[in-house]
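Per-entry structural report
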Amino acid sequence: MIESSLAESNSAVMAALATVLLGLAATSLALAQDAARSYPMKPIRLIAPFPPGGGTDAVARPIAASFTKAWGQPVVVDNRGSGGGVIAHQMVAQALPDGYTLFLSTGAGMVSTPLVINPAGYDPYKDFTPVGLATLLPAFLVAQVSLPVNTVQDVIAMARANPGKLTFSSSGTGGGHHFAVEMLNSMTGVKGIHVPYKGGGPAIVALLSGEVTFCFGNYPAARPHLNSGRLKAIAMAGAKRTPLMPQVPTMIESGLPGFEYTTWYALFGPARMSRTMVDFINAELHRVLHDRSIAEPLLAQGAEATPSTPEELTRRMRDEQARWMKVIKSQNLKF
Ligand code: GLU
């Protein structure tokens with residue numbers, strides 16, 4: 001008797017608790033929807049994990065400018081280039097998911113760097129909310145015009161004749177450009193030395209000033225110097241040639257089958273950003289990147305607008321992670 005009345009009062013308490021919890025959940029959902037509807041109400045920080053002068057900045061700026069114009073609130077690019085982008089990733093991982101901290105990250109920070117710098121202090125899958133892919137950007141091997149090499153085979157011959165003396169600048173430890181140096185070493189048995197910089201911009205400056213022999217980089221940083229004739233592109237690192245420099249062969253065509261990587265840039269927020277907000281920003285990202293006045297100048301810098309859903313972005317990260325892990329194993333890469 002006592003037991004059954006206790007059980008009854010317990011279930012009454014549970015039911016009341018469930019009602020309160022449901023009410024709270026509904027209130028916080030309504031609050032989140034309200035916040036998302038009135039978003040943005042103040043300036044937004046778009047963090048870039050590399051300094052000005054490289055691919056990330058070249059992609060972040062037009063997107064930020066277009067968001068600013070459409071949203072009526074400043075979207076300010078905040079370059080936090082350091083440690084292969086690790087510091088910026090840690091910073092965003094700790095930010096509030098309220099939409100006022102956005103992040104333009106890359107295949108480096110979200111895939112390859114955590115494979116090399118381990119632990120990196122952030123988890124690409126747990127600490128961020130994917131919003132959408134923005135652009136792909138081909139990468140390539142570049143040298144000063146005065147260097148007496150013109151092909152990848154020339155580079156290999158020069159490296160064989162100068163073991164441990166040829167240096168390759170990159171945008172940072174763990175990025176695709178760093179992997180490229182290690183792939184070159186392991187595929188050909190040469191001993192090129194990787195020299196990390198804070199970003200693609202500083203890596204090209206190092207090449208121009210003669211601090212390094214070569215640079216694995218991408219187009220936005222190298223373009224003015226390719227155009228002015230100070231630098232020459234030796235080979236593209238992607239699977240295909242680029243229409244911007246159709247005469248430049250790929251690494252694969254140059255005798256290194258399987259030598260392939262492309263850099264990419266994508267929009268993220270901190271973990272647990274609301275779906276309503278993600279959908280809004282994703283739709284805006286598509287609008288911006290389908291706008292020819294933005295997509296065409298980006299393409300002139302080598303960045304092809306390829307907006308995606310958040311789910312496609314996560315898939316790309318997982319596929320690329322699996323691919324790099326295979327390359328590390330099959331090429332026996334040592335970092
Ligand atoms: N493409 C570079 C990377 O992903 C970015 C470098 C930069 O923006 O400076 O590693």
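Our subject is the structure listed above.
One structure accompanies this document, and this report is about it. Not measured: the values here are computed from a predicted model. (Residues numbered from 1 in each chain as written. Predicted model: local features only at pLDDT ≥ 70, side-chain atom pairs only at ≥ 80, totals over all residues. Heavy atoms only, no water.)

Along the protein, the regular secondary structure elements total 11 helices and 10 strands. Residue burial in the protein is summarised as follows: out of 335 residues, 50% are buried. For the protein, restricting intrachain contacts to residue pairs at least 6 apart in sequence, the fraction spanning at least 24 positions comes to 78%. For the protein, the accessible area works out to roughly 15,200 Å², and carbon and sulfur atoms hold 59% of it. (Helix = DSSP H or I, 4+ residues; strand = E, 2+ residues; numbered from the N terminus. Buried < 20%, exposed > 50% of the residue type's maximum accessible area, 1.4 Å probe, protein only. Contact = heavy atoms within 4.5 Å. Areas by Shrake-Rupley, 256 points an atom, 1.4 Å probe, with all protein chains shown as cover.)

Our focus in this paragraph is the side chain of E320. Tracing the backbone shows E320 in helix 11 (residues 310–330). No salt bridge is formed by the buried E320, whose closest oppositely charged neighbour, R316, lies at an N-O distance of 4.1 Å. Not counting residues up to four positions away in its chain, the partners in contact with E320 are G107, V111 and W264. (Lys, Arg positive; Asp, Glu negative; His and termini not counted. Salt bridge = Lys/Arg side-chain N within 4 Å of Asp/Glu carboxyl O.)

This brings us to the nonpolar core. Taken as a class, soluble globular proteins show a tendency for nonpolar side chains to be buried jointly. Counting 46 residues, the largest nonpolar core has F168, F214, F216, F259 and Y261 as its most contacted members. If you look at the next biggest cluster of nonpolar residues, it comprises 30 residues, including I63, A64, L137 and Y265. (Core = buried A, V, L, I, M, F, W, Y, C linked by side-chain atoms within 4.5 Å.)

With that out of the way, let us pick up the packing of helix 7 (residues 200–208) against helix 8 (residues 219–227). Closest axis-to-axis distance for the helix 7/helix 8 pair is 8 Å, and the angle between their directions is 30 degrees. Here G200, G201, I204 and L208 of helix 7 lie close against helix 8, whose contacting residues are A221, A222 and H225. (Axes fitted to C-alpha atoms, helices over the stretch in contact; angles between N-to-C directions.)

Another aspect to go through is the pairing of strand 5 (residues 167–170). Taking every second residue as pointing to the same face, both faces of strand 5 are buried, with T167 and S169 on one and F168 and S170 on the other. The pairing of strand 5 with strand 7 (residues 214–218) spans 2 bridges and is classified as parallel. Note that in strand 7 the partner of F168 across the bridge is F214. (Pairing = 2+ DSSP bridges.)

Attention shifts here to the side chain of Q73. Mapping Q73 onto the fold places it in the loop between helix 2 (55–71) and strand 2 (75–79). Look past the residues within four positions of Q73 in its chain and what remains in contact with it is P40, M41, K42, P43 and T68.

Around the ligand lies a shell of 13 residues, among which T56, S171, G200, N218 and Y265 are the nearest. Take T106: an N or O atom from its side chain is 3.5 Å from an oxygen atom of the ligand. At 2.8 Å, a side-chain N or O of Y265 approaches a nitrogen atom of the ligand. Computed on the free molecule, the ligand has an accessible area of 300 Å², of which 99% lies beneath the protein chains in the complex. (Near = heavy atom within 4 Å. Polar contact = N/O pair within 3.5 Å; in protein donor to acceptor, adjacent residues only side chain to side chain.)

Between Y39 and the following residue, P40, the backbone shows a cis peptide bond with an omega angle of -10 degrees. The peptide bond linking N118 to P119 adopts the cis configuration, its omega dihedral lying at 5 degrees. Unusually for a residue other than glycine, R272 sits at a positive phi of about 70 degrees. Relative to the helices and strands, R272 resides in the loop between strand 9 (262–270) and helix 9 (275–290). Residue R272 is classed as exposed on the basis of its relative accessible area, which comes to 72%. The backbone of N332 shows a phi angle near 55 degrees, a positive value even though the residue is not glycine. Take N332: it is sitting in the segment after helix 11. On the accessibility criterion, N332 (51% relative accessible area) is exposed.

What follows covers the pairing of strand 7. Counting buried residues in strand 7 gives 5 out of 5 residues, a clear majority hidden from the surface. Here strand 7 shows two buried faces, one formed by F214, F216 and N218 and the other by C215 and G217. Two strands pair when backbone bridges link them, and strand 4 (residues 128–144) and strand 7 are joined in this way by 5 bridges, in the antiparallel orientation. Across the sheet, the residue bridging to A139 is N218, located in strand 7.

Here helix 4 (residues 107–116) crosses helix 11 at 35 degrees, and the two axes come no closer than 10 Å. Of the two elements, helix 4 crosses helix 11, and the hand of that crossing is right-handed. Of the residues in helix 11, those touching helix 4 at G107, M110, V111, S112 and L115 are M317, E320, Q321, W324, M325 and I328. (Left-handed = near helix turned anticlockwise from the far one by under 90°.)

Another aspect to go through is the environment of G132. Here G132 shows up in strand 4. Each C-alpha atom of the pair G132 and F268 lies 7.1 Å from the other, and the pair is 136 residues apart in sequence. Leaving out residues up to four positions away in the same chain, G132 has contacts with A266, L267, N282, L285, S308, T309 and L313.

Under the counting rule described, the total for this entry stands at 15 aromatic pairs. Geometrically, the ring pair formed by F103 and F128 is stacked, given 5.9 Å between the ring centres and 25 degrees between the ring planes. Linking F103 in strand 3 (residues 101–106) with F128 in strand 4, this pair joins segments that are 25 residues apart in sequence. Here F103 and F128 have matching classes, each one buried. Members of the aromatic cluster, connected to one another through ring pairs, are Y39, F67, W71, Y100 and F280. Directly above the ring of Y100 sits K42, whose terminal nitrogen or CZ lies 4.7 Å from the centroid. Sitting above the plane of the W324 ring, R323 keeps its charged end 5.0 Å from the centroid. (Phe/Tyr/Trp six-rings, centres within 6.5 Å; stacked < 30°, edge-to-face > 60°. Lys NZ or Arg CZ within 6 Å of the ring centre and 35° of its normal.)

Function cannot be read off these values alone, since they describe shape.
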